[in-house]
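Here are the chains, one letter per residue:
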Amino acid sequence: MKIFENYSLLEHNSFRLNVKTRWFVEYESEDDLHKLLSDEYFFSQAFWHIGNGCNLLFLSDFNGVIVHSGIKGIEKISEDAEHVLLKVGAAEIMDDFIQYCVDKGWGGIENLSLIPSEVGASAIQNIGAYGVEAGDCIREVHAYEVKTGEKRIFSRAECEFSYRHTFFKKPEERGLYYITHVVYELSKQPLFKLDYGNLRKSLEGQELNLKHVREAVIAIRESKLPDPNVLGNAGSFFLNAYVCKAHFEALHQQYPGMPHFFEPEKTGDGKEIVKIPAAWLIDQCGFKGKTLGGAAVYDKNPLVLVNKNNATADDIVSLAKEIQATVNAKFGIELSPEVNYI
Ligand code: EPU
């Protein structure tokens, strides 16, 4: 187990804010985690588990224990003619895991290429891109319950995967489970999903295989999203907006060019809901490139807030609030942050 006191989180948050934590603990095995969850001092402190910090915003220094998994490894647990089941350590870098699967010819997660996430966080956040969500391929999540130290295996159904949401993100469950491994099921006869945006078009003239899909996704992402090592950011800052059909129709009359996507599979209570890209709503309010203190709206993609010039968390939060208020006043839509405020 690695333990550091008064530790800088600069390398652990992709906004690259120079915040500190009183303690930083990285467990490297289930035994380590067991020890941590039996430690009285740990429970006397505030504590929070992070992944690689690419979807969070530290509002201030953390006066407690920031916990990180160091559990690595990819183990094949079963295989048949069509599928392979892999048990993957929570601290594996998701993109390395995707590269590993693509090299082996195993499909299912190639559309998630280049998402900056660790494997444990992929299951908590249900990361998604280009028509695929991690939950589509996750079969089990292995975790420890923090309060009791007991091991628990969650089936796919128990994870309750939906758009950027899972059981583990429910307000009443948040922070209560530490994930050690995620079991992914990959397909040996890949079914390509190319219908999102211009993915199919960008593959025109190329042989359709996992490697080419991965390369195309990476090229699209690199053209739309800033590299956190160059410009601090946490990807999409807000979730896309979902509105009921009546609200959509009223808006559509006023803004006939508004992009929209009917998603009947997401209909909860029998009413149709419509997805409206948050990027479009923010763009319409003229925010592209706008700065507030050291924070800015990325000029190529208004859904991304960036640390342009030594931003503070306050700069980023104030800019986000200004965007939310402006979008709400213009469209009657409340944008929710996708980024977790700590
Ligand atoms: N748009 C504008 N102006 C712009 C850019 C985009 O109006 O400057 C509009 C366009 O109409 C475009 C639409 O926004 O069609 C949607 O843009 P895009 O397809 O690039 O995707 P997104 O909805 O902005 C989502 C995810 C991304 C994911 C992409 C691809 C969310 C919150 N974001 O973005 O995820 O990579 O789709 O699947 O769902 C992330 O979560 O951090 C992330 C980057």
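Every value quoted in this text rests on a predicted model; they were computed, and no experiment measured them. (Residues numbered from 1 in each chain as written. Predicted model: local features only at pLDDT ≥ 70, side-chain atom pairs only at ≥ 80, totals over all residues. Heavy atoms only, no water.)

Peer 1: Help me understand the environment of Asn6 in this model?
Peer 2: Relative to the assigned elements, Asn6 resides in strand β1 (residues 2–8). On the accessibility criterion, Asn6 (51% relative accessible area) is exposed. Distance from Asn6 to Val132, taken between C-alpha atoms, is 39 Å for residues 126 residues apart in sequence. (Helix = DSSP H or I, 4+ residues; strand = E, 2+ residues; numbered from the N terminus. Buried < 20%, exposed > 50% of the residue type's maximum accessible area, 1.4 Å probe, protein only.)

Peer 1: Sorry if this is basic, but what is going on with the pattern of salt bridges here?
Peer 2: The full count for this structure, using the stated rule, is 16 salt bridges. For Glu79, the salt bridge is made with Lys188, and the minimal N-O distance between the two is 2.6 Å. With a gap of 109 residues between them, Glu79 in strand β6 (residues 74–79) and Lys188 in the loop between β12 (177–187) and α6 (199–202) connect regions that are remote in the sequence. Among the residues examined, Lys188 registers a relative accessible area of 27% and is labelled partly exposed. Shared partners join several salt bridges into a network, and the residues in it are Lys2, Glu26 and Glu28. (Salt bridge = Lys/Arg side-chain N within 4 Å of Asp/Glu carboxyl O.)

Peer 1: Can you help me understand the environment of Ile220 in this one?
Peer 2: For Ile220, the location among the structural elements is in helix α7 (residues 210–224). When the C-alpha positions of Ile220 and Val84 are compared, they lie 28 Å apart, and in sequence the two are 136 residues distant. Leaving out residues up to four positions away in the same chain, Ile220 has contacts with Tyr130, Asn198, Leu199 and Ser202. (Contact = heavy atoms within 4.5 Å.)

Peer 1: Please explain the pairing of strand β10 (residues 138–145) as it appears in this structure.
Peer 2: Within a regular strand, the side chains alternate between the two sheet faces. Pairing between β10 and β12: seven bridges, direction antiparallel. Along β12, the bridge assignment pairs His142 with His181. Of the strand pairs in this sheet, β10 and strand β11 (residues 151–155) are connected by five bridges, and their pairing is antiparallel. Along β11, the bridge assignment pairs Tyr144 with Lys151. Turn length for the β10-β11 hairpin, with the two strands adjacent in sequence and antiparallel, is five residues, and the turn residue Gly149 shows positive phi of about 75°. (Pairing = 2+ DSSP bridges.)

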